[in-house]
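Residues per chain, in single letters:
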Amino acid sequence: MELKQQAIGVLRQNDRGGYTIPTASGLYPAQWNWDSCLVALSRAQFDEARAVTEIETLFGGQWPDGMVPHILFHGDDSSYFPNASVWQAGPTWRSSGITQPLVAATVVRQLFEYASDPAIRARLTALVPKLLAWHRWCYAARDPHGTGLVSIIHPWESGMDNSPLWDDALNAVELGPPVAHLRKDTGFAAADHRPTAPEYDRYINLVIRFRDNGYRADRLYGIAPFRVADIGFNAILQRANQDLRSLLAATGDIAGAAEVAIMKERTGTAIARCWHEEDGFFYGVDTRTGKIIRKPGIAGFLPLFADAEVAARHPRLVERLESWLARVAYGVPSFEPDRPEFEPQRYWRGPVWLIVNWMLINGLRRNGCGDLAARIRRDSLALVERMGFAEYFNPLTGEPLGGSGFSWTAAMYLHFLAGRE
Ligand code: GLC
């Protein structure tokens, strides 16, 4: 079967009716927030109506305060830890109690621009106030002092769970009771390709802390023992601010568009300040200690996705990306190769993730760096052609890692193939 048909087959196989699970391999048996959005982005190519349903189902789980959870547990979640009965979160206890990168507005804008059917446009238009409510929640709950940078309170909120960027902030969190015996992920994927036991103990300790505080948005920012203004999360939010503003304007909500323009202004200024002149890189900040997180993770390139002028202002950033690519067989590694923290097989500590490649390709194109974008696109297609639809890949060898038949890898392959990036 042609690879394109296989990619469509992966998305169909992981479709649970109204939402898509990340993989049928058992690793992630529920709906994940940004996975769903990125699946919708490419599903629209062959089934627009179903793509919109994906996002509608996600927003069906939106909390009254505007938050959209990082996981929605729709059915049997017994093969996942921590599952709904551990989280005990949300109005119906069917979700996690934290969020994930706000990529939805960017996806909805793309779907809106491609859609010619008025019924599809009407459904997308109905999502716009919900997107606005999520962005409002994000600023109110995670940037209560109006700095322009929002904080995440759990590494899982970054979507880059065990990135070395979190090591110091996470080490400051108490271990809590050990949970290694409760983990299910290591039954589905090799333990040395996954986060470590102490990391998991701390992840769960944070969940328990938030649960004990009733997941109250007005409380968690203050009590969170882990609190970081991630450069990646903020860059994705900033891109989404632009896309949301454009959607609001296109659908006639002028007041909403003006409100988001202010969010965008503030976050734009704050991200610009994250540039570290000496190192020539963008860094986030630990907002509990005030310390810069001075480590070269892939998140530091995401301002390219947020702002079409970044490459012109910071040519060294583009050179740095080129130097990373020169040291691997397949780009883009999730952490700078040759650093002590770099581990080419362990999840977000080195492997290549196609969804981040999409953000970089899209951002580089907007920044006038078409050649570099083309190299990353080529690598991405080659990985899938040679290695299949793995969750992530070893940048030095291309080895497929983590879950197989992975939805967002299939989705990005289709997206790259169609040249829609
Ligand atoms: C892992 C990833 C996260 C993703 C989830 C489901 O937790 O780090 O980004 O959303 O798996 O694929």
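All chains use their own residue numbering, which begins from 1 and follows the written sequence. It should be noted that, the model being predicted, local features are given only for residues of pLDDT at least 70 and side-chain atom pairs only at 80 or more, the latter also being counted only at that level, while totals for whole chains, interfaces and linings use all residues. Values reported for side chains reflect all heavy atoms of the structure, with hydrogen atoms and water molecules removed beforehand.

**Some thoughts on the layout of surface pockets**
Leftover empty space is mapped by rolling, across the atoms, a probe with the size of a water molecule.
Okay, so step 1: Think of a 1 Å grid over just the protein atoms. A cavity is a set of points where a 1.4 Å probe fits yet cannot get out, a pocket is an open set with protein on both sides within 12 Å along at least five of seven lines, and lining residues have an atom within 4 Å of a point. Grid points are joined across faces, edges and corners, and a volume is the space filled by probe spheres set on the points. Of the volumes computed, that of the largest pocket is approximately 320 Å³.
Okay, so step 2: If you trace the largest pocket, you find 17 residues lining it, with Asp168, Ala169, Asp286, Thr289 and Lys291 closest to the centre.
Okay, so step 3: Looking at the lining of the largest pocket, the element that brings in the most residues is helix 8 (residues 167-171), giving 3 residues.
Okay, so step 4: When residues are sorted by character, Ala, Val, Leu, Ile, Met, Phe, Trp, Tyr, Cys and Pro go into the nonpolar class, Asp, Glu, Lys and Arg into the charged class, and all the rest, Gly among them, into the polar class. Residue composition of the lining of the largest pocket, grouped by class: 8 nonpolar, 1 polar and 8 charged.
Okay, so step 5: The space that makes up the second largest pocket amounts to roughly 170 Å³.
Okay, so step 6: In terms of lining, the second largest pocket is formed by 14 residues, of which the most central are Gln238, Gly268, Ala306, Asp307 and Arg313.
Okay, so step 7: Strands here mean DSSP runs of E at least two residues long; helices mean DSSP runs of H or I at least four residues long; both are numbered from the N terminus. When residues of the lining of the second largest pocket are traced back to their parent elements, those giving at least two are helix 12 (231-250), helix 13 (254-272), helix 14 (303-306) and helix 15 (310-313).
Okay, so step 8: Top contributing element to the lining of the second largest pocket by residue count: helix 13, with 4 residues.

**Section: empty space enclosed by the protein**
Okay, so step 1: Counted according to the given criterion, the structure contains 3 cavities of 30 Å³ or more.
Okay, so step 2: There is about 210 Å³ of room inside the largest cavity.
Okay, so step 3: Lining of the largest cavity is provided by 19 residues; of these, Tyr28, Trp32, Gln100, Asp161 and Tyr347 occupy positions nearest its centre.
Okay, so step 4: Tallied by class, residues from the lining of the largest cavity come to 12 nonpolar, 3 polar and 4 charged.
Okay, so step 5: For the second largest cavity, the calculated volume is near 60 Å³.
Okay, so step 6: Every residue lining the second largest cavity is counted, 14 residues in all, and those nearest its centre are Leu165, Asp230, Ile231, Gly284 and Ile293.
Okay, so step 7: Looking at the lining of the second largest cavity residue by residue, the classes come out as 9 nonpolar, 3 polar and 2 charged.

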